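Secondary and tertiary structure notes
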Amino acid sequence: MREAFLKACKGVRPQYTPVWFMRQAGRYLPEYQKIRQKYDFLTMCKTPEIAAQVTLQPVKILGVDAAILFSDILIPLEAVGLKVDFTEDKGPTVTPQIKTTSDLNKLKTFDIECLNFVFETIKILIKELDVPLIGFSASPFTLATYMIEGGSSRDFFNTKRFLFSEIEGFKKLMEVITDFTIVYLKEQIKSGVHVIQIFDTWAGILSPEDYGIFCKPYIQRIISVLKPYVPIIYFTSNSAGLLNHLKDLEWDVISLDWKVEIKDALKFLKNRVIQGNLDPFTILADVDIVFDKAKKVLIQAAEAKAHIFNFGHGVNVNTSVDKLKKLVDFVHNYKV
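Presented here is a report on the structure given in the accompanying data block. In this text the structure is predicted, and so the values were computed from the model without any measurement.

This part is about the overall build of the protein chain. Each helix and strand counted, the protein chain has 14 helices and 9 strands in total. The globule rule puts the C-alpha radius of gyration for 336 residues at 20 Å, and the 19 Å found for the protein chain is close to it. Each of the three principal axes of the protein chain carries a C-alpha extent, and together these read 55 × 45 × 40 Å. Sorting the 336 residues of the protein chain into buried and exposed places 57% on the buried side. Within the protein chain, counting contacts between residues at least 6 apart in sequence, those at least 24 apart form 73% of the total. As displayed, the protein chain offers around 14,100 Å² of accessible surface, 50% of which is attributable to carbon and sulfur atoms. Taking the 42 positively charged and 39 negatively charged side chains of the protein chain as two groups, their mean positions are separated by 3 Å.

The sheet built from 7 strands is open, its strands ordered β1-β4-β5-β6-β7-β8-β9 with parallel pairing. Because the sheet does not close on itself, it has two edges, and the strands there are β1 (67-68) and β9 (306-311). Taken strand by strand, helix α8 (residues 167-191) contacts β4 (133-138) and β5 (195-200), and its axis lies near 170° from that of β4.

In this section: the pairing of β9. Of all the 6 residues making up β9, 6 are buried; the element is thus mostly covered by neighbouring parts of the structure. Burial of β9 is two-sided: the residues A306, I308 and N310 facing one way and the residues H307, F309 and F311 facing the other way are all buried. In this structure, strand β8 (residues 273-278) lies alongside β9, joined through 6 bridges in parallel fashion. By the bridge assignment, G276 is partnered in β9 with F309.

Where helix α4 (residues 48-62) meets helix α5 (residues 116-128), the axes come as close as 8 Å, and the angle between the chain directions of the two elements is 50°. Taken together, the axis directions place α4 and α5 in an arrangement best described as oblique. For the crossing formed where α4 meets α5, the hand is right-handed. In contact with P48, E49, A51, A52, T55 and L56 of α4, α5 contributes F117, E120, T121, I124, L125 and E128. A per-class count over the contact of α4 with α5 returns 7 nonpolar, 2 polar and 3 charged.

Let us now look at the pattern of salt bridges. Under the defined criterion, the tally for this structure stands at 15 salt bridges. Of the charged contacts in the structure, one is a salt bridge between K123 and E120, with a shortest N-O distance of 3.7 Å. Of this pair, K123 and E120 both sit in helix α5, 3 residues apart, which is roughly one turn of the helix. Relative accessible area serves as the criterion here: at 39%, K123 is assigned to the partly exposed category. Using a relative accessible area of 39% as the deciding quantity, one classes E120 as partly exposed. Note that D252 and K227 form a salt bridge whose closest N and O atoms lie 2.9 Å from each other.

Reading the values: rules and limits
- Throughout this description, residue numbers start from 1 for each chain and increase along the sequence as written.
- Reporting of local features is limited, given that this is a predicted model, to residues whose pLDDT is at least 70; pairs of side-chain atoms are given and counted only at 80 or more, and all residues count toward the totals for whole chains, interfaces and linings.
- Remark: hydrogens and water are excluded; side-chain values derive from all non-hydrogen atoms of the structure.
- Helix numbering and strand numbering both begin at the N terminus, where a helix is a DSSP run of H or I of at least 4 residues and a strand a DSSP run of E of at least 2.
- Within these notes, the globule rule equals 2.2 Å times the number of residues to the 0.38 power, and the radius of gyration is based on C-alpha atoms.
- Burial classes follow relative accessibility: with a 1.4 Å probe on protein chains only, a residue under 20% of its type's maximum area counts as buried, one over 50% as exposed, and anything between as partly exposed.
- Only heavy atoms matter for contacts: two residues are in contact if any of them lie within 4.5 Å across the pair.
- Here, Shrake-Rupley sampling with a 1.4 Å probe gives the accessible areas, and only protein chains in the shown set may cover a residue.
- Under the convention used here, Asp and Glu are negative, Lys and Arg are positive, and both His and the chain ends fall outside the count.
- Lysine's charge is taken at NZ, arginine's at CZ, aspartate's at CG and glutamate's at CD.
- Pairs of strands are assigned from DSSP output, requiring at least two bridges between the strands.
- Only the contacting stretch of a helix is used when fitting its axis, a line to C-alpha atoms as for every element, and angles between N-to-C directions run 0 to 180 degrees.
- Any angle that is under 35 degrees is reported as roughly parallel, and any over 145 degrees as roughly antiparallel; angles of 65 to 115 degrees are reported as roughly perpendicular and all others as oblique.
- Take the far helix as your reference; a near helix turned counterclockwise from it by less than a right angle gives a left-handed crossing, and one turned clockwise gives a right-handed crossing.
- Nonpolar residues are Ala, Val, Leu, Ile, Met, Phe, Trp, Tyr, Cys and Pro. Charged residues are Asp, Glu, Lys and Arg, and all others, Gly as well, are polar.
- The term salt bridge refers to a pairing of a side-chain nitrogen on Lys or Arg with a carboxyl oxygen on Asp or Glu at a separation within 4 Å.

Structure follows, in structure tokens:
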């Protein structure tokens, strides 16, 4: 197994900068599209042999230093009795919605067994991979937004109405989600994943003060429980305004979006491990520009305890596979 990624996660600088990409197993790959033509997205997630095959594709094609489990952050919601659907035009939908404290009664006791397909996928991958496997979940706050809004949202009106008008009820929802997220991630670790990434995709919609109240304590609880077992990567978008809070969390690796410069983040996050943070749309430029932008990220990250190269968000569907492979090679060969 290639060790560079795990070394970096543990705060040891490897001989070269390890690299992987969020959403590296996805629609930009022709190999993925061939499978997608035969199966809908949920069927792919719920069929271990297919999910494992899709997970392996970018490792073989790009030469990245880690695989991330092919699944979706909303999958565990089915284990509390919610229905999750995906459509090409609308994206994810979650029903019924949990908009008030009384709606918490709609949630069933978390049934881990209905997620066995996730753990079976992990067990297949552990036998076939020659790189570490990243398991993941959404943060409690991000899952809450989907449960409340019923899908994606532009203004998160229902989330903030619940949060501000029924504070104790919202905190109760967060406790419920935190409890089952810990169970879910523990089972991923038991099945064999080497690292966990927590996706706090929508934490950036909160003010720093509200992040400290409605998000941070639940993240810290998850990290505290899981940290003894595997390294924890924490990703949040719009992270620039949250750095003062992020420095207090006990994550092993912080994954930064591209809206903050690494050199500025390191003023708060001294002697910590950084992941990121190239703008994923940079890959649409000429390859020389891509390399120049990547070089700037690598130079800034040289001041971190260790660095894992990644985008500041997921791979875009319009990404050139050839150009992405060249970026991986560039990062591996670049010496700061």
